[in-house]
Amino acid sequence: MAAPTELFCWAGGWGLPSVDLDSLTVLTYARFTGAPLKVHKITNPWRSPSGTLPALRTSHREIITTPHKIITHLQKEKYNADYDLSARQRADTLAFMSLVEEKLLPVLIHTFWVDAKNYVEVTRKWYAEAMPFPLNFFLPGRMQRQRMEHLQLLCGEPRPENEEELEKELYQEARECLTLLSQRLGSQKFFFGDAPASLDAFVFSCLALLLQTKLPSGKLQAHLRGLHNLCAYCSHILSLYFPWEGAEAPPPRPAPTGPDTEEEPYRRRSQVLSVLAGLAAMVGYALLSGIVSIQRAAPARSPGPRALSMAEEDEEE
Amino acid sequence: MLVRLVLHHPYPQAFLQMCNLPIKVVCRSNAEYMSPSGKVPFIHVGNQVVSELGPIVQFVKAKGHSLSDGLDEVQKAEMKAYMELVNNMLLTAELYLQWCDEATVREITYARYGSPYPWPLNHVLAYQKQWEIKRKMKAIGWGSKTLDQVLEDVDQCCQALSQRLGTQPYFFNKQPTELDALVFGHLYTILTTTDELSEKVKNYSNLLAFCRRIEQHYFEDHARGGISVRLS
């Protein structure tokens, strides 16, 4: 039998099965279609086969990283949530996905990674706490820089005086996009009737991240809370497809318990190793420079150790 | 209200003519620098300048002309979504073909983009623009796409548009809307300039009929030289 298909994705937090938008989309789609995936929820992107998350390792040992391509692969493997859609509904899927990608996604990235308050108090905090040492020192910063660059390329270079205006415009368009989604959903359970499709996975992941996370600066969140059918849509999907994760109300301090216990032995081990390495370095230096010597020091060297013994005291402190 | 229009694409012209507004088209090589946001097309009305299609539509709406008043909420949502699809797929595909496909770049784009400038400025500016576009393509995930993949994406987009249009004269039945203007503009550009993309579009007969209908109705009636090219 071929190796099972494995999915590597970011771990859960904030009451959601995953904190990362792309990982959440893929997870949701997999749940919708009941695809038998072996899911590895990790907090260290370097342990993923491609170096980034999410990543899918197929049964033929091929690695796929973009969410669109992962979903296409699953559809080819007969786990197709769009199978029953009419041609017109498929066209609508393409159109609405473009709408969300153009209008909502940049603002989501901005809310979580560029807005100073949110980034420091929520995003960076989670990633720094979840990632193992020493990645948590530089990886969140690097992720932020990548996303900022991505945003700048998408929205054009803002001139300094226009930056605030540009931001206002972006948020205005995102609010409009949310309203449009709400109008299109109406009172239906899913976008195309009673069964979920790939568009639902995509939209759900955007909305869930916005709704569930406790953001200190949440202008878009406030607007979304006003669109009741979208809120009901999110909680419906969460309770139906992610019952145990959705049931855990996010604690006031978003400390991820799952990945923490998993990483415990590794964290302890790396801490012990780093302390041992430090000790070995100090002892080695002391021996090599003659501050501490094992055999009897030669007469010519005797003033040396005495003068250096003060340095030794300083060092041992 | 006489509108002076500076453009690279005919869709705002189509839109404005659908609103029955008198316009004068001006083609300028430094259009990008004249525009307040750095993007074409833009319109010049009296002493106001408005750039990009979205704001132009809003501006015209504020003056009392709008094409989408008759649509209900769900239809308006669909219209906006399809407009984004067209922008996302067709515009990016056109840019890709113009700037990332080596053959086209060498033969057509460098010459056309750099033509108003003396040597060596023409090479420098063209190269700089190409580098900028390539960076943007990489950011949106198109950097690693081959020409075949891009053509397939265009095909998917055209299929979606064709299915949405069906047998109706316009996308939202009897009356043209901003979406019709946008789709016409892009398809017109594709059909009259590039070969590979136009082959994909020609597979969908209802889209071809749609373009011809708009061209006949709004352009040949106004007897504008240079726009009425045979679409065959």
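Residues numbered from 1 in each chain as written. Chains lettered and ligands numbered in written order. Predicted model: local features only at pLDDT ≥ 70, side-chain atom pairs only at ≥ 80, totals over all residues. Heavy atoms only, no water.

Chain B carries the name Metaxin-2 isoform X3 in an unreviewed UniProt entry, which gives Echinops telfairi as its organism.

Quick note on the threshold: UniProt positions are given in the numbering used here, feature names are shortened, and annotations may be inferred rather than shown by experiment.
As recorded in an unreviewed UniProt entry, chain A goes by the name Metaxin, listed as coming from Echinops telfairi. In its Sequence similarities (unreviewed entry) section, the UniProt record describing chain A reads: "Belongs to the metaxin family." If you open the UniProt record of chain A and go to Subcellular location (unreviewed entry), you find "Mitochondrion outer membrane".

1. Concerning the pairing of strand β2 (residues 38-42) of chain A
All names here are of chain A. Put simply, the rule reads: Between any two strands, pairing holds if DSSP finds at least two bridges. Only DSSP runs of H or I reaching four residues or more are called helices, and only runs of E reaching two or more are called strands; each is numbered from the N terminus. With strands facing away from the observer, any crossover in which the path from the first strand over the helix to the second runs clockwise is taken as right-handed.
Looking at chain direction, strand β1 (residues 6-10) and β2 are connected through five bridges and run parallel. Bridge assignment links Phe-8 to a residue of β2, and that residue is His-40. Taking the sense of rotation as the criterion, the β-α-β connection linking β1, helix α1 (residues 21-33) and β2 turns out right-handed.

2. What about the packing of aromatic side chains?
All names here are of chain A. To be explicit about the condition: Each Phe, Tyr or Trp ring (for Trp, its six-membered ring) is paired with any other whose centre lies within 6.5 Å, and the angle between the two planes then decides the class: stacked below 30 degrees, edge-to-face above 60, tilted in between. Burial here depends on accessible area, computed with a 1.4 Å probe over protein chains only, as a share of the maximum for the residue type. Under 20% is buried, over 50% is exposed, and the range in between is partly exposed. By definition here, charges over rings are those cases where NZ of Lys or CZ of Arg is within 6 Å of the ring centre and within 35 degrees of the ring normal.
For the coordinates displayed, the defined rule picks out 16 aromatic pairs over all chains. When the ring of Trp-10 is compared with that of Tyr-127, the centres are 4.9 Å apart and the planes differ by 85 degrees; the resulting orientation is edge-to-face. Of the two residues, Trp-10 sits in strand β1 while Tyr-127 sits in helix α4 (residues 116-130), which places them 117 residues apart along the sequence. Ring geometry for Trp-113 and Tyr-119: centres 6.0 Å apart, planes at 40 degrees, overall tilted. The same class applies to Trp-113 as to Tyr-119, namely buried. These aromatic residues form a ring-pair network of at least three members: Trp-10, Trp-14, Phe-112, Trp-113, Tyr-119, Trp-126 and Tyr-127. Above the face of the Trp-113 ring, Arg-147 is positioned so that its terminal group lies 4.4 Å from the ring centre. Here the basic side chain of Lys-219 rests over the ring of Tyr-171, its NZ or CZ set 4.6 Å away from the ring centre.

3. Description of the packing of α4 of chain A against helix α5 (residues 135-155) of chain A
All names here are of chain A. Note the threshold: Here the axes come from fitting lines to C-alpha atoms, over the contacting stretch only for helices, and the angles between their N-to-C directions go from 0 to 180 degrees. What sets the label is the angle itself: under 35 degrees gives roughly parallel, over 145 gives roughly antiparallel, 65 to 115 gives roughly perpendicular, and the rest give oblique. By convention, the crossing between two helices is left-handed when the near helix turns anticlockwise from the far helix through less than a right angle, and right-handed when the turn is clockwise. Only heavy atoms matter for contacts: two residues are in contact if any of them lie within 4.5 Å across the pair. Residues are grouped as follows: Ala, Val, Leu, Ile, Met, Phe, Trp, Tyr, Cys and Pro are nonpolar; Asp, Glu, Lys and Arg are charged; all remaining types, including Gly, are polar.
Their axes nearest at 9 Å, the elements α4 and α5 cross at an angle of 130 degrees. Comparing the axis directions of α4 and α5 gives the class oblique. Judged by the sense of rotation from one axis to the other, the crossing of α4 with α5 is right-handed. Facing Tyr-119, Arg-124, Tyr-127 and Ala-128 of α4, the residues of α5 in contact are Asn-136, Pro-140, Gly-141, Met-143 and Gln-144. Taken together, the residues of the contact of α4 with α5 sort by class into five nonpolar, three polar and one charged.

4. Re the pattern of salt bridges
Put simply, the test is: Salt bridge, as used here, is a side-chain nitrogen of Lys or Arg placed within 4 Å of a carboxyl oxygen of Asp or Glu.
Scanning all chains against the criterion turns up nine salt bridges over all chains. Glu-167 of chain A serves as the salt-bridge partner of Lys-219 of chain A, at 3.7 Å between the closest nitrogen and oxygen. With a gap of 52 residues between them, Lys-219 of chain A in helix α8 (residues 219-225) and Glu-167 of chain A in helix α6 (residues 163-185) connect regions that are remote in the sequence. The exposure class of Glu-167 of chain A is partly exposed, given its relative accessible area of 27%. Ionic contacts of the salt-bridge type, sharing partners, join the residues Arg-88, Asp-92 and Arg-184 of chain A together with Glu-78 and Arg-164 of chain B into one network.

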